[in-house]
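Analysis of the macromolecular model
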Amino acid sequence: PRERTTPRPILVSAHGAGGRPEPHCAFFRRLVAGRAFVLCPRGARLGTDAPLDQGGFFYPNHHALGREVVAALAALAARFGARVDLRAPVYAGFSQGATMGALAFVKQGGPFARMLLIEGGVGEYDEWTIANARAFHEGGGARVLLACGREACAEAARRTEGRLAKAGLDARAVYGAAGHTYGGAVGEAIEAALPWLFDGDPRWLGSTGAAAQP
C-alpha cells in the first residue's frame, strides 16, 4: 500500500486449479488501487518438470488452502508489522480457490468478514448451507459477493443469494457473460460491485476506480 503511516487492510486472492497467483495479484492490485495489502497464496505445483515461474498450481484440498492462507497472513504480519491491519480481511477466490475458500472459511471463527467468490463457491455443489451461512454471519461475516461468467453459475449464485439472505447474511450475485474467467465482463461486474462489498468498513473508502490508481 502507498499509505505507510496507517495500518492497511488485507485482501487475500486465491487462484484456480492450474492457475498462478501473479495475474490475480495484478487484477486486485489495480482494483484496490494501493489502499490495501494484496496477498496471493500459491498452491501446490502441478507436476515437477516446469520451472517455478512457468508451471501451474492447485490446492490439494480445502484444508491445505486453509493452512496456507493462515500461514501467509502470519508471514505478512511478521514482515510488515504495524503496517498490516489483520482485522477482518477480505477473501477473494477464483474457481477452485473460490470453492475451497467457501469450504475452508465460512465456519464460525474464521478470519474473513467479506468474501468474493468468482466462478466457484456459489452453490453449484451445495457449498453454502443455511447452517454454514449462519455460522459465517455469527462469526463476524458481513457480506458475500458471488460473481459468475457462466449462466449455470449465475443460476446457482442467485439461488444461494436467497439462501444467504434467509440466514441473515448480506449477499449479492453479479453476472457478466464472459465464460469461466475473472476478466472481461465478469471483471467489470466485480469492479462495479466492490463498493457494495466494502461498504461499512471505512478502511476501504476510495479503494476502487481509475481516479484512485497510482
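What comes next concerns the included structure. For every chain, the first residue of the written sequence is number 1, and numbering continues from 1 onward in sequence order. Owing to the predicted nature of the model, reporting of local features is limited to residues with pLDDT of at least 70; listing and counting of side-chain atom pairs is limited to 80 or more, with chain, interface and lining totals taken over all residues. No hydrogens and no water enter the side-chain calculation; it runs on all heavy atoms of the structure.

1. What about the state of the cysteines?
Here, the term disulfide refers to a pair of cysteine sulfur atoms separated by no more than 2.5 Å. A full pass over the atoms with the stated rule returns 2 disulfides. Across the disulfide, Cys-148 is cross-linked to Cys-153 (sulfur-sulfur distance 2.0 Å). Between Cys-148 and Cys-153, the disulfide has an S-S torsion of -65° and is therefore left-handed. Each of the two residues, Cys-148 as well as Cys-153, counts as buried. The cut-offs for exposure are 20% and 50% of the maximum accessible area for each residue type, with area from a 1.4 Å probe on protein chains only; residues under the lower value are buried, those over the upper are exposed, and the others partly exposed.

2. Concerning the nonpolar core
Ranked by size, the top nonpolar core spans 36 residues in total, and within it Tyr-91, Leu-117 and Trp-128 carry the most contacts. A run of H or I in DSSP becomes a helix once it reaches four residues, and a run of E becomes a strand once it reaches two; helices and strands are each numbered from the N terminus. Breaking this core down by element, the ones donating at least two residues are β1 (10-14), β2 (37-39), α2 (62-80), α3 (96-105), β6 (114-118), α4 (130-138), β7 (143-148) and α5 (151-166). Throughout, a residue-residue contact means that at least one pair of heavy atoms, one from each residue, lies within 4.5 Å. In contact with Trp-128, other than residues within four places in its own chain, are Ala-102, Val-106, Met-115, Leu-117, Gly-121, Ala-133, Phe-136, Val-144, Thr-160, Arg-163, Leu-164 and Leu-169. Throughout, nonpolar core names a set of buried Ala, Val, Leu, Ile, Met, Phe, Trp, Tyr and Cys residues whose side chains join them through atoms within 4.5 Å. Of all hydrophobic cores here, the second largest spans 24 residues; its members include Val-32, Ala-92, Leu-145 and Tyr-182.

3. Re the packing of aromatic side chains
Between rings of Phe, Tyr and Trp, where Trp is taken as its six-membered ring, a pair exists when centres lie within 6.5 Å; planes separated by under 30 degrees are stacked, by over 60 edge-to-face, and by other angles tilted. In total, this model carries 9 aromatic pairs according to the counting rule given. Look at Phe-105 and Phe-112: their rings are 4.9 Å apart centre to centre, the planes differ by 75°, and that puts the pair in the edge-to-face class. Connected via pairs of aromatic rings, a cluster forms that spans Phe-27, Phe-28, Phe-94 and Tyr-182. The ring of Phe-57 has Arg-42 sitting right over it, with the charged end atom 5.1 Å from the ring centre. Ring-over charges, as used throughout, are those where CZ of Arg or NZ of Lys falls within 6 Å of the ring centre and within 35 degrees of the ring normal.

4. Quick word on the environment of Arg-20
As for its position among the elements, Arg-20 is in the loop between β1 and α1 (21-32). With 19 residues separating them along the chain, Arg-20 and Pro-1 place their C-alpha atoms 22 Å apart. Here Arg-20 is in contact with His-15, Arg-42, Leu-52, Asp-53, Gln-54, Gly-55 and Phe-57, once residues within four sequence places are set aside. At a separation of 3.5 Å, a polar atom in the side chain of Arg-20 contacts the side chain of Glu-22. A distance of 2.5 Å separates the side chain of Arg-20 from the backbone oxygen of Gly-55, its partner in a polar contact. Whenever a nitrogen or oxygen atom comes within 3.5 Å of another N or O atom, the pair is scored as a polar contact, on the condition that within protein one atom can donate a hydrogen and the other can accept it, and that pairs from neighbouring residues in sequence are kept only if both atoms are in side chains.

5. Topic: α2
The terminal C-alpha atoms of α2, which comprises 19 residues, lie 27 Å apart, in line with the 27 Å expected from a rise of 1.5 Å per residue. Where α2 is concerned, the buried positions are Ala-64, Leu-65, Gly-66, Val-69, Ala-72, Leu-73, Leu-76 and Ala-77. Summarising the contacts, the buried residues of α2 are in contact with β1, β2, β5 (90-94) and α3. A distance of 3.0 Å separates the backbone nitrogen of His-63 from a side-chain oxygen at the start of α2, and that oxygen is part of Asn-61. At the exit of α2 stands Gly-81, carrying a positive phi of roughly 55°. Multiply 1.5 Å by the residue count of a helix minus one, and that product is the helix's expected span.

6. Some thoughts on helix α6 (residues 184-198)
Across its 15 residues, α6 extends 22 Å between first and last C-alpha, which sits within 8% of the 21 Å expected from 1.5 Å per residue. Along α6, the residues that are buried comprise Val-186, Gly-187, Ala-189, Ile-190, Ala-193, Leu-194, Trp-196, Leu-197 and Phe-198. Tucked inside the fold, the buried residues of α6 contact β1, α1, β5, β6, β7 and β8 (170-175).

7. So, unusual backbone geometry
With a phi angle near 55°, Ala-33 is a residue other than glycine that sits in the positive phi range. The residue Ala-33 is located in the loop between α1 and β2 in this model. Phi is positive for Glu-119, which is not a glycine, with a value near 55°. Following the sequence through the fold, Glu-119 ends up in the loop between β6 and α4.

Taken by themselves, the reported measurements are silent on function.
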